[in-house]
Amino acid sequence: MATLSKTILTFEPGVMINTPIQVTSETTQIQVGKGAHVDFELLNYQGSLLVEVGDNARCTLLSNTHCGPQTHHAETIRIITHTHSHFQGFWFSEGGAETQRTLTVDVQGEHALIKLNGLAILNTTQTHTTHTFMNHHVPNCETHQFFKHIVANEAQCEFNGLVYVNEIAQKTDSYQANHNLVLSDNARAISRPQLKIFADDVKCSHGATVGQLDEEQLFYLKTRGLPLAQARSILISGFAEEIIDRIPLEGLRKNIFLQLKKQLETL
Amino acid sequence: MLEIKNLHAKINDTPILKGISLTIKPGEVHAIMGPNGSGKSTLSKVISGHPAYDVTSGEVLFEGQNILELDPDVRARLGLFLAFQYPVEIPGVHNAGFLRMAYNARRKENGQEEVDPMEFDELIRSKLNLVEMEPDFLERAVNQGFSGGEKKRNEILQMLVLEPKLAFLDETDSGLDIDALRIVSKAVNAYKKPEVGIVLVTHYQRLLNYIVPDVVHVMANGVIIKSGDKSLALALEEKGYEWLL
Ligand SMILES: Nc1ncnc2c1ncn2[C@@H]1O[C@H](COP(=O)(O)OP(=O)(O)O)[C@@H](O)[C@H]1O
Ligand SMILES: [Mg+2]
């Protein structure tokens, strides 16, 4: 059913695997055959990875980065999607001195559904940069991007998202959102969402926000008897949970949730 | 239990409250009426400690203690509750979890043990029934995507859970259809007891048919211009505010 070598993971057409496959940095390619259904978990993945999702295949990929304070992390992932495929990716990161992440999707088959989600929690002087390039080569696809960052202390994050719709890619439905929660005066968030559209019959939108905790929400929680520290932590975790709640793999979702709770205690 | 003495407050250097005095005793229901912009919501926000307002003079005593220097959460844990005219939406924050945390904060204050989600679930069912809300409300984010009426019922649910000594209900009846108004009134009446004070801010006599006030105040331009019994509300319904201004 599946050929497993260290560098190339190949899943034959039609295979169904219920538990997520652990992927290490030695892997450079994942091939998900037609109609196959496979999920992946990447732990501190460093390097370059190509993921090809065949016709009618379904694939969820969860990348979890929580490395030591000195680590420089670079992750480049390219995803190629074919007809009627469904790809969902989650990038969760905290820790590390510097993180550089580049996510490219080549939408090559019609009627695909692609969702990229990300959550980064940054503290101290950490920096975190995400580049996404959602490239629509064919008509009739739906793509979503939903990235959130929490920056505390003197941390910095940057989101550069490009949605590119080629002339032929009519009826593209693409959405890109990047929301940043800035918790201190010295923390910084930069958001650069971009749309380049060469087709005329498409539905594309983007939204970006950079903001602090909402004073009215804080006040509301306080009037219900919750002290400031607890009210803050409820709001911060609510901001983050909007992403985590979308993770379809229950076991992984729970782990990430616990990891998040621990991380939020340090903010 | 609540004594407001010559309260003056401003926002962004604009004076809004210009000398409010009001005394509420345990077991009483007060109604505050008055035209839009007269400062009713400002009064409720100042009493609950909103940071945007500056109190320039006057006092607010709750059970004899001046609360103006206390943080909003401390006031709440003393037993003060405000039902917002415009309840705040909080995406990502689970309604049941939020209610339980608020409930536990109050219990901790009273030296009681915190309850776990199972125990809380038991406790909240009867309260949900009172406001005729489906349990799936609890699974949604706080007020997010709730209709106007659902938000108001959620405020009343919070009141029932937190069991305040003094509840300030700011236009809880606005935007309610007749069924929702009946439900909300029934819940408030069920909560009424000798040790609790209730303040209803409203534009409409119809709420006061369901929840009968002991005292009615009319507020205009930052002061209380008239107080009386429930017949005052009927007179206002008939003649409007003009004759008082
Ligand atoms: N942020 C603000 N800055 C300046 N004026 C304000 C602000 N918020 C409210 N006001 C003014 O305060 C007055 C009282 O408002 P409010 O207390 O909401 O009245 P009510 O609840 O009686 O309708 C109004 O004239 C309103 O315009
Ligand atoms: Mg008002």
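Only a predicted model underlies this, so the values are computations on that prediction, with no experimental measurement involved.

Moving on, we come to the overall build of chain A. A count of helical and extended segments in chain A gives three helices and 17 strands. Since a compact globule built from 267 residues should have a radius of gyration of about 18 Å, the 19 Å found for chain A is in line with a globular shape. Considering only C-alpha atoms, chain A reaches an extent of 55 × 45 × 35 Å along its principal axes. In chain A, which comprises 267 residues, the share counted as buried stands at 53%. Per element, the accessible surface of chain A, about 11,200 Å² overall, is 49% carbon and sulfur. Each charge class in chain A can be summarised by its mean position, and for the 20 positive and 27 negative side chains these summaries are 3 Å apart.

Residue and element names in this part refer to chain A. Burial analysis of helix α1 (residues 215-222) places six of its eight residues in the buried class, the great majority of the element. Of the residues making up α1, those classed as buried are Q217, L218, F219, Y220, L221 and K222. Between the side-chain oxygen at the start of α1 and the backbone nitrogen of E216 there is a gap of 2.8 Å, and the oxygen is on D214.

This part covers the packing of α1 of chain A against helix α2 (residues 228-244) of chain A. All names here are of chain A. Two numbers describe how α1 lies on α2: the axes approach to 9 Å, and their chain directions differ by 125 degrees. On the basis of the axis angle, α1 is oblique to α2. When the axes of α1 and α2 are compared, the crossing they make is right-handed. Along its contact with α1, which presents Q217, L218, L221 and K222, the element α2 presents L228, A231, R232, I234 and L235.

This part covers the site of ligand 1. All names here are of chain B. In the vicinity of ligand 1, the residues found are I11, N12, I16, P35, N36, G37, S38, G39, K40, S41 and T42. In this structure, K40 approaches ligand 1 through a side-chain N or O atom, which is 2.9 Å from an oxygen atom. Interatomic distance of 2.9 Å between a backbone N/O atom of S41 and an oxygen atom of ligand 1. Isolated, ligand 1 exposes 570 Å² of accessible area, and the fraction of that covered by the protein chains is 61%. At three residues, helix α1 (residues 40-48) tops the list of elements feeding residues into the shell around ligand 1. When grouped by side-chain class, the residues that make up the shell around ligand 1 number three nonpolar, seven polar and one charged.

Right, let's get into unusual backbone geometry. Residues and elements named next belong to chain A. A positive phi angle, close to 60 degrees, is found at N56, a residue other than glycine. Phi is positive for H111, which is not a glycine, with a value near 60 degrees. In this structure, H111 sits in the loop between β10 (98-107) and β11 (113-122).

Now for the packing of helix α3 (residues 95-109) of chain B against helix α4 (residues 117-130) of chain B. Any two packed helices are characterised by the angle at which their axes cross and by the distance between the axes. Residue and element names in this part refer to chain B. Axis separation between α3 and α4 bottoms out at 11 Å; the angle between their running directions is 95 degrees. In this view, α3 runs roughly perpendicular relative to α4, as classed from their interaxial angle. Contacts from A96, L99, R100 and Y103 of α3 reach α4 at P117, F120, L123 and I124. Tallied by class, residues from the contact of α3 with α4 come to seven nonpolar, no polar and one charged.

Tallied over the full model, the rule gives nine aromatic pairs over all chains. Each ring, one from Y220 of chain A and one from F84 of chain B, has its centre 4.9 Å from the other, and the planes form 65 degrees; the classification is edge-to-face. Pair noted here: Y220 of chain A is in helix α1 and F84 of chain B is in the loop between β6 (80-83) and β7 (90-94), and the two residues belong to different chains. Owing to a relative accessible area of 3%, F84 of chain B belongs among the buried residues under this scheme. Pairing Y103 of chain B with F120 of chain B gives two aromatic rings, centres 5.7 Å apart and planes at 45 degrees, and the pair type is tilted. Remark: F120 of chain B occurs in helix α4 and Y103 of chain B occurs in helix α3; sequence separation between them is 17 residues. Using a relative accessible area of 3% as the deciding quantity, one classes F120 of chain B as buried. Members of the aromatic cluster, joined through ring pairs, are F219 and Y220 of chain A together with F84 and F98 of chain B.

Moving on, we come to the coordination of the magnesium ion (ligand 2). All names here are of chain B. At this site the magnesium ion (ligand 2) is bound by S41 (OG) and Q85 (OE1), with donor distances of 2.1 Å. You can see S41 sitting in helix α1 and its partner Q85 sitting in the loop between β6 and β7, a full 44 residues away along the chain. For S41, a relative accessible area of 23% translates into the label partly exposed. On the basis of relative accessibility, which here comes to 16%, the residue Q85 falls in the buried class.

Averaged over chain B, the pLDDT score is 94; the fraction of residues at 70 or greater is 100%. Both confidence scores are given for the complex: pTM 0.88, ipTM 0.96.

What follows deals with a negative patch on the surface. All names here are of chain B. The grouping of E113, E114, D116, E119 and E122 at the surface amounts to a negative patch. Turning to its location among the elements, E113 is positioned in the loop between α3 and α4. Note on E113: relative accessible area 65%, which makes it exposed.

Counting residues in each nonpolar core, the largest one holds 63 residues, and the members touching the most others are I150 of chain A together with L2, I4, L7 and L43 of chain B. Top element by residues in this core is α2 of chain A. It accounts for eight residues. Each residue touching I150 of chain A, except ones within four places of it in the same chain, is listed here: A120, I121, L122, L181, L183, I236, F239, A240, L264 and L267 of chain A. If you look at the next biggest cluster of nonpolar residues, it comprises 46 residues, including Y103, L169, L207 and L236 of chain B.

Residue and element names in this part refer to chain A. Tracing the sequence through the fold places H149 in strand β13 (residues 142-151). In this structure H149 comes out as buried when scored by relative accessible area, which is 1%. For H149, the side chain forms a polar contact with the side chain of N180, separated by 2.8 Å.

Contact residues are listed per partner, giving 30 residues for chain B and 17 residues for chain A. Summed over both sides, the interface between chain B and chain A buries roughly 2,000 Å², with carbon and sulfur atoms accounting for 68% of that surface. Run the count over chain B and chain A and you get one salt bridge. As a salt-bridge pair, E155 of chain B and R224 of chain A come within 2.7 Å of each other at their nearest N and O atoms. Where chain B packs against chain A, one counts 10 residue pairs in polar contact (both at pLDDT 80 or more). Those elements giving two or more residues to the side of chain B that touches chain A turn out to be α1, α2 (72-78), β6, β7, α3 and α5 (148-162) of chain B. Within the side of chain B that touches chain A, the residues separate by chemical class into 19 nonpolar, six polar and five charged.

Procedures and definitions
Residues numbered from 1 in each chain as written. Chains lettered and ligands numbered in written order. Predicted model: local features only at pLDDT ≥ 70, side-chain atom pairs only at ≥ 80, totals over all residues. Heavy atoms only, no water. Helix = DSSP H or I, 4+ residues; strand = E, 2+ residues; numbered from the N terminus. Rg over C-alpha atoms; globule rule 2.2 N^0.38 Å. Buried < 20%, exposed > 50% of the residue type's maximum accessible area, 1.4 Å probe, protein only. Areas by Shrake-Rupley, 256 points an atom, 1.4 Å probe, with all protein chains shown as cover. Lys, Arg positive; Asp, Glu negative; His and termini not counted. Charge placed at Lys NZ, Arg CZ, Asp CG, Glu CD. Polar contact = N/O pair within 3.5 Å; in protein donor to acceptor, adjacent residues only side chain to side chain. Axes fitted to C-alpha atoms, helices over the stretch in contact; angles between N-to-C directions. Parallel < 35°, antiparallel > 145°, perpendicular 65-115°, else oblique. Left-handed = near helix turned anticlockwise from the far one by under 90°. Contact = heavy atoms within 4.5 Å. Near = heavy atom within 4 Å. Nonpolar A, V, L, I, M, F, W, Y, C, P; charged D, E, K, R; others polar. Phe/Tyr/Trp six-rings, centres within 6.5 Å; stacked < 30°, edge-to-face > 60°. Donors = N, O, S within 2.8 Å, 3.2 Å for Na, K, Ca; no water. pLDDT = per-residue confidence, 0-100. Patch = residues over 30% accessible without salt bridge, like charges linked within 9 Å, V, L, I, M, F, W, Y side chains within 5 Å. Salt bridge = Lys/Arg side-chain N within 4 Å of Asp/Glu carboxyl O. Core = buried A, V, L, I, M, F, W, Y, C linked by side-chain atoms within 4.5 Å. Buried area = accessible area lost by both parts, 1.4 Å probe.

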